[in-house]
Amino acid sequence: MFYDMLKIALRSIFGQKLRSILVSLGVAIGVIAVVGMTAAALSLQDQLRQQLETMGSETFIGMRISPLNFMPGRDRKKWRDLRRRPKLEISYLKSLKENCPSCERIAPQASYGAVIATRGKLKLDNTSAIGVTSDYNGVAEIALGYGRFIDEYDVEHRRYVCVLGPSVVDELFKGGNPIGRKIKVKGIPFTVVGVSEPVGKVLGQDKDNYIAVPITTALHHWWGWWGVQYIIKAKPGMMEQAQDEVIATLRSLRRLKASDENDFDIFTPDLIM
């Protein structure tokens, strides 16, 4: 019985070689795809975990729109509502510091992607510019290689100074010492005051390819669709209280009624994972 069934199966396979090859190929591709996707997902999760560990488990971000809102499946009305959200403003900082006692540090940030930076004839086409305050160094944990970071005097007086990532130094100064020298960011001259330690790549993105400037200077010159984001480090063991205080403060600043949904997002490590 078994041999009869085997003969029939073999006869069918050899009688329809093309179909058999295609079926086998399809199965092989499916298995390889599943294995590859699983490996990629595990690698992605591991890299995300490493990135979050550098920021700390008690750090979260208040922002206009969370990247998770860009997942597939959103209806058109939801997209319209998201686009209509007003930006978070730098003027919120004072109220957040006064009304969030569970927050250890609150660092506003304004981000600008695909920025052109130049020094003489040297040009870097695709770097990132970030507007920051002195507190940014306490939540993003940037380690300075040499020079100094952006300080409160720079922010208060809207100074034209910057801190460079090592990749920018390599491109515009060919590894030389840039301290005290000038570059142009989007056509505006800045004096280099510091250079950070190298971090490397995370998720394929070069984390050393950035230029940090005082947030007041950035907001004065550049329009950003995202507005200001607030990176917030909670006091030890007070993550939930800190989030509640930030949400309540932002709702008050934006004059939302009790029945209104939040017109901002809180982005946490748990959500990313």
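Residues numbered from 1 in each chain as written. Predicted model: local features only at pLDDT ≥ 70, side-chain atom pairs only at ≥ 80, totals over all residues. Heavy atoms only, no water.

### Observations regarding unusual backbone geometry
A positive phi angle is found at Arg-158, which is not glycine, with a value near 50°. Along the chain, Arg-158 falls in the loop between helix H6 (152-156) and strand E5 (161-164). The phi angle at Lys-186 is positive, at roughly 55°, despite the residue not being glycine. Among the secondary structure elements, Lys-186 is positioned in the loop between strand E6 (182-185) and strand E7 (188-196). (Helix = DSSP H or I, 4+ residues; strand = E, 2+ residues; numbered from the N terminus.)

### Section: the nonpolar core
The biggest cluster of nonpolar side chains holds 59 residues, and the ones touching the most others in it are Leu-164, Ile-183, Ile-211, Trp-222, Tyr-230 and Val-246. It is strand E2 (residues 103-119) that provides the largest number of residues to this core, a total of 7 residues. Among residues more than four places away in sequence, those in contact with Val-246 are Phe-60, Leu-96, Cys-100, Cys-103, Ile-232 and Ile-266. (Core = buried A, V, L, I, M, F, W, Y, C linked by side-chain atoms within 4.5 Å. Buried < 20%, exposed > 50% of the residue type's maximum accessible area, 1.4 Å probe, protein only. Contact = heavy atoms within 4.5 Å.)

### As for the pairing of strand E10 (residues 210-214)
Counted residue by residue, E10 has 5 buried out of 5 residues, so it is predominantly covered. In this sheet, E10 lies alongside strand E3 (residues 122-132) in parallel orientation, the contact comprising 5 bridges. Within E10, the position partnered with Ala-129 by the bridge is Ile-211. As paired elements, E5 and E10 share 2 bridges and run antiparallel to each other. Residue pairing for E10: Val-163 is matched across the bridge by Ala-212. (Pairing = 2+ DSSP bridges.)

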